[in-house]
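Single-letter residue listing:
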Amino acid sequence: LAAARLGRVAAARAAAKRSVSSCAPALSPWAHLPMGPPDPILGLSEAFQKDTDAKKINLGVGAYRGDDSKPYVLPSVREAERRVLLKEYNKEYAGIVGVKEFNDLAVKFAYGEGSDVYDRLATVQSLSGTGACRVVGQLLARFGWSSIYLPNPTWGNHIPIMADAGLEVKKYRYYKPETCGLDFEGLCEDVEAAPENSAFLLHACAHNPTGVDPTPEQWAELSQLMKAKKHTIFFDCAYQGFASGDAEKDAWALRKFVEDGHNIILAQSFAKNFGLYGERIGCLSVVCADAEEAEKTLSQLKILIRPMYSNPPVNGARLVTEVLKDSTLTAQWTGECKGMADRIMSMREQLRGKLEGMGNPRNWEHVTNQIGMFCFSGLSEEEVLKLRSDHHIYLTNNGRISMAGVTSGNIDHLAESIHKVTTA
């Protein structure tokens, strides 16, 4: 009997081998996955790379470039890097909250030396601003909020970040196409109409993609309106220092809200202002009522982070720490950051001046009224595509120009091309 059973098993195995060899390969478990849409920014960069025209210009990528069109590493960051290497740090985990010295310096950079929030802050190092936004979305979704209000328009990644965190994405009016400026009346109406204790995301400065910020008077009015409605405020701060060249000025809005009694949430990114794009370094802080509440909030942030990415990378944190803890190096960084901001403002002034000098019939005041890396040009999608096909100039379909891509070497071609497509 045993021999018969062994014979049947051997025969079955042989048949299985013949069946496998004679059949098509097994279907992949991923065969049913559809092709996802390409990222609009990366797709634009790919099209730019394939373009062989000598005059081509890439105005799509949101990363600073010098007047030579090359990536710029701040000398203060290079010095910080040298100091970090000399210290020969080990490669141990930082822990869930990240590098504490960095966290302490990052929040003082944002809230200011004289703030009273430090004994009631829940603070963690984050995976730049994107990671901070995702953790905030998860925190809100887990503890009572089902939706969040985002400005229309907003940074494109805000929408999937919040949706993937489980929140319904709602929009409030922000940009007014007729003026290429702020729709403050519509913004206030939407804030007033939202249910009490709604979550609102605000850009702290240099709104992306429009470059349109409220005035200090408008920020103050908005703070009081939101306080009356008991809204929960989340500031995304990606451009402190880079917007105006003055880090104190760029933090005015978030500090005003704290001064007015808002227990805000704050996401900070050090990608743009420190040029640390690839280091993925940021900070997330929550202003609480007291130290006990902050301790509880921190415990929940840690519970969210642990299964998400466990703990953040340390190198970017060490670089920012070296800059911010040394007054001489901080002063050097301040000058370098202002230099980046000044170059962009100069390009804005020159672009507007050239278009007006050509007698272009449109109003181009918004080019210099807006602030930060991006200019919402007011160009239609048809005009954008015409710039791309006829003049080899690449910007996103909504007309957003990355001013960091404008240089003294290409601004004439840009202005002439814009003039042509807007007067054809």
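Because the structure is a prediction, the values reported are computed rather than measured.

So, how was this worked out
Residues numbered from 1 in each chain as written. Predicted model: local features only at pLDDT ≥ 70, side-chain atom pairs only at ≥ 80, totals over all residues. Heavy atoms only, no water. Helix = DSSP H or I, 4+ residues; strand = E, 2+ residues; numbered from the N terminus. Buried < 20%, exposed > 50% of the residue type's maximum accessible area, 1.4 Å probe, protein only. Contact = heavy atoms within 4.5 Å. 1 Å grid on protein atoms, 1.4 Å probe; cavity = no way out; pocket = protein on both sides within 12 Å on 5 of 7 lines; lining within 4 Å. Points joined across faces, edges and corners; volume = space filled by probe spheres on them. Pairing = 2+ DSSP bridges. Right-handed = clockwise from strand over helix to strand, strands pointing away. Phe/Tyr/Trp six-rings, centres within 6.5 Å; stacked < 30°, edge-to-face > 60°.

Asker: What am I meant to see in the overall build of the protein chain here?
Answerer: The helix and strand inventory of the protein chain stands at 17 helices and 13 strands. Referenced to the eigenvectors of the C-alpha coordinate spread, the extents of the protein chain come out at roughly 100 × 60 × 55 Å. Classification of the 424 residues of the protein chain by burial places 49% in the buried group. Excluding contacts between residues fewer than 6 apart, the proportion of contacts in the protein chain whose partners are at least 24 apart in sequence is 75%.

Asker: Just to check I follow, could you spell out empty space enclosed by the protein for this structure?
Answerer: Once rolled over the atoms, a probe with the size of a water molecule shows which space is left empty. Overall, the coordinates contain one cavity of 30 Å³ or more when judged by the stated rule. Quantified by volume, the largest cavity comes out at close to 50 Å³. Forming the boundary of the largest cavity are Pro151, Tyr172, Tyr174, Leu187, Leu202, His203, His207, Pro214, Trp219 and Leu222. At the level of secondary structure, the elements contributing two or more residues to the lining of the largest cavity comprise strand S7 (199-203) and helix H8 (216-228).

Asker: Sorry, what's going on with the pairing of strand S4 (residues 168-173) here?
Answerer: Where strand S3 (residues 147-152) meets S4, six bridges bridge the pair, whose relative direction is parallel. Across the sheet, the residue bridging to Leu150 is Lys171, located in S4. Note that the unit made of S3, helix H6 (residues 158-164) and S4 has a crossover that is right-handed.

Asker: Looking at this structure, I do not really get the packing of aromatic side chains. What am I missing?
Answerer: Aromatic rings in a pair are described by how distant their centres are and how their planes are angled relative to each other. Taken as a whole and judged by the stated rule, the model has 16 aromatic pairs. Geometrically, the ring pair formed by Phe102 and Phe270 is edge-to-face, given 5.6 Å between the ring centres and 70° between the ring planes. One end of the pair, Phe102, is in helix H4 (residues 100-111); the other, Phe270, is in the loop between strand S9 (265-269) and helix H11 (271-274), and 168 residues separate them in sequence. Just as Phe102 is buried, Phe270 falls in that class too. Measuring from centroid to centroid gives 4.8 Å for Phe274 and Trp333, while their planes differ by 20°, and the two rings are stacked. One end of the pair, Phe274, is in helix H11; the other, Trp333, is in helix H14 (residues 327-357), with 59 residues separating them in the sequence. Overall, Phe274 belongs to the buried group, its relative accessible area being 1%. A network of ring pairs unites the aromatic residues Phe102, Phe109, Phe270, Phe274 and Trp333 as a single cluster.

Asker: What should I look at first to understand the environment of Leu139 in this one?
Answerer: Note on placement: Leu139 falls in helix H5 (residues 128-142). For the pair Leu139 and Glu383, spaced 244 residues apart in sequence, the C-alpha to C-alpha distance is 41 Å.

Asker: Looking at this structure, I do not really get unusual backbone geometry. What am I missing?
Answerer: A negative phi holds for most residues other than glycine; trans holds for most peptide bonds. Cis rather than trans, the peptide bond between Asn152 and Pro153 has omega equal to 5°. As for its position among the elements, Pro153 is in the loop between S3 and H6. With an omega of 20°, the peptide bond running from Asn208 to Pro209 counts as cis. Within the secondary structure, Pro209 is located in the loop between S7 and H8. Backbone geometry places Glu88, a non-glycine residue, at a positive phi of 50°. Topologically, Glu88 is positioned in the loop between helix H3 (75-87) and H4. Classification of Glu88 by relative accessible area gives exposed; the value is 69%. Within the chain, Cys180 stands out as a residue other than glycine whose phi angle is a positive 55°. Note on placement: Cys180 falls in the loop between strand S5 (175-176) and strand S6 (181-182). Classification of Cys180 as buried rests on a relative accessible area of 12%.

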